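# What the coordinates show
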Amino acid sequence: MNDDEYGTLLLRPLAGEPAGPPLIDVARAIREGRRMRRRRWAFGGAFLAVFTATLVTGSLLIAPATPHQPVLPPDPPLPKSCTLAALPTGKYHSADVAGGDSTGRWHFGQSNPQANTGTQHTLVWHDGVLVGDAAQPGSEVNLRAVNSSGVIVGEVNDKTTGIRPYVYRNGKFSALKGGLGEALAINDDGTIVGRLGSDTHPVLVRWRSAGAEPERLRLPEGSPIAMYNLAIAPDGTVAGVVILPLAPGATFAETATYLWLPDGTTRRITAPPPARDTLAALNPLTFRNGWLYAEQVLSDRSDNTPVIAGIQLVRYDPASGTWQKIGGDRFTDGPQLPSSGRGFLHAGTIRPRVYVGTAVLDLPLTMPLADPEVDNAMLQSISDDAHTVTGVLSRGGSGDPSQPDRPVIWRCG
Amino acid sequence: MESGTDEAYLAYVHGRIPALRRIGYLLCGDEHQADDLVQETITKLYARWPRIAAVDNVDAYTHTMLVRAFLDEKRRGWWRVRLFGSPPEHAAAVAGAAEDRTMLRGALAKVAPRQQAVLVLRYLCDQSVAEVAEILGCSEGTVKSQTTHGLNALRRILGEPRPVQRSGGGR
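Reference entry: report on the structure contained in this document.

Definitions and cut-offs
Residues numbered from 1 in each chain as written. Chains lettered and ligands numbered in written order. Predicted model: local features only at pLDDT ≥ 70, side-chain atom pairs only at ≥ 80, totals over all residues. Heavy atoms only, no water. Salt bridge = Lys/Arg side-chain N within 4 Å of Asp/Glu carboxyl O. Buried < 20%, exposed > 50% of the residue type's maximum accessible area, 1.4 Å probe, protein only. Helix = DSSP H or I, 4+ residues; strand = E, 2+ residues; numbered from the N terminus. Phe/Tyr/Trp six-rings, centres within 6.5 Å; stacked < 30°, edge-to-face > 60°. Lys NZ or Arg CZ within 6 Å of the ring centre and 35° of its normal.

## Remarks on the pattern of salt bridges
- Taken as a whole and judged by the stated rule, the model has 14 salt bridges over all chains.
- With its nearest N and O atoms 2.9 Å apart, the salt bridge here joins A:Arg208 to A:Glu215.
- A residue is classified by how much of its surface remains accessible, and A:Glu215, at 28% relative accessible area, is partly exposed.
- For B:Asp59, the salt bridge is made with B:Arg16, and the minimal N-O distance between the two is 2.9 Å. Taken together, the positions of B:Asp59 in helix H3 (residues 58–76) and B:Arg16 in helix H1 (residues 4–28) put the pair 43 residues apart, joining distant regions of the chain.
- We classify B:Asp59 as partly exposed; its relative accessible area is 26%.
- Classification of B:Arg16 as buried rests on a relative accessible area of 14%.
- Here the salt bridges do not stand alone but share partners, grouping A:Arg206, A:Arg208 and A:Glu215 into one network.

As structure tokens, this is what we get:
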């Protein structure tokens, strides 16, 4: 009997499953996990009791809504080459870049991103030059999006007033009207969308400008709760997710993805899952070049406990109703995808690869700035023309102060 | 940082909680502490999710966090108090089997914590040497040596004669 046989036989009596019901509180994990994050970002407590479920209606993804071949929004040409450069961080040893606008000219981030205590500063770059360095107004600041005028939106957590939607313009922070909430996205016209109210009963709102009163986005009939997923198009179309009422006998509430159109109407959109007997939840990520990019979270519907089967990246042309699969059938594989506002859906590996339309742009990690053997690259923005990409280089991602995060920019052509 | 990732987190956690509970239970032998370990793991997982979601093997990363939570608890000594102060309630179905399990679990608890983790992951969770090495962040050679040391320690604690070696150890 060798060691393996002996060990297997010896320990076999200990095999077994925990007998009682789980006492695991995912809501508490998220609450405490939020506090652990160096930058808080919002999440609806109402979602904890929910797993999105859209029943199967088809077997293939590409599903034009009209019988005629639609004219689809064109994708930008894939750049032939890119060069890597550092974004200046001024007096700060460490900084990150967290998002950029559609033109690739404005970017924002913060100093000392690995600090768990102390004051951090918001940094703003224009054309790759550090032009803004502002003390943050609360204990936690989470900036999410910037538009082509350099207006940045997000939220600020102040211990005395709670979490409120904020805007950063011309070097100054100011609160948006409406009280507690979050600003999630802004388009180039300056229209901001976000949520107001409590986590459990939030309402979706739109601010026509940074100084405007919030306007409530009407929820579809019978959809009492709005979720956090929001994106806004240049024409003001808003994409978001609502939680549907729990069906009798159902274990999980379904969600639905809607468009709020500029004419005041709403339209539910549903991407066909790739296989039968699959649950699919659709999360809008961003509007880019006429397309709504989204992730489709797939799960096995044979079990009451939703088990993730994969994430598929898709896009939708609101004009023609056309869906296209972009790629990726697991959220840990494949290139990265731009998301609404700041940051990316980190669908990708640590290799800096990003979707440009349905094509993939490979970005170089070149010495001496980056060591492809040890550096992780997390992409944070890509311009609509795919000529400007930003990201953060890190080694290990462990918060080790001797290995600070480094904001970088790729210029492509 | 992007909201869609939250749903990926929830979907991932909901899908993995049963497996994480099982691993936690096999590591510590106490379902309540297993829940505590999983709770701690998914909390840290959420805190790091925007970055973790970008790694190639999220499961390995999560298992690493779970094992580290277990090792941290061992260092704090809470687990030892819990084990011997309150035997697992669910182990009373068959008296003889329960006694064997309690004795074996007690013996395993006396083995060095990392060796415990190696033995449980390899022989109860059916993880390969390479998988355990990835979870523990060490070399495969270290896993093999920890396996041998752990088994030898168990033999000593249980008072069993060392079995005759007819073939080499290590998978």
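## Considering the packing of aromatic side chains
- All chains considered together, the criterion is met by 7 aromatic pairs over all chains.
- Centre to centre, the rings of B:Tyr12 and B:Trp49 are 5.6 Å apart; their planes meet at 40°, and the pair counts as tilted. Placement of B:Tyr12 in helix H1 and of B:Trp49 in helix H2 (residues 31–52) is noted, with a sequence separation of 37 residues between them.
- Note on B:Tyr12: relative accessible area 2%, which makes it buried.
- Through successive ring pairs, a cluster of aromatic residues spans B:Tyr9, B:Tyr12, B:Tyr46 and B:Trp49.
- Its end group placed over the ring of A:Trp291, A:Arg315 keeps NZ or CZ at 3.9 Å from the ring centre.
- Taking NZ or CZ as reference, B:Arg155 lies 4.1 Å from the ring centre of A:Tyr6, over its face.

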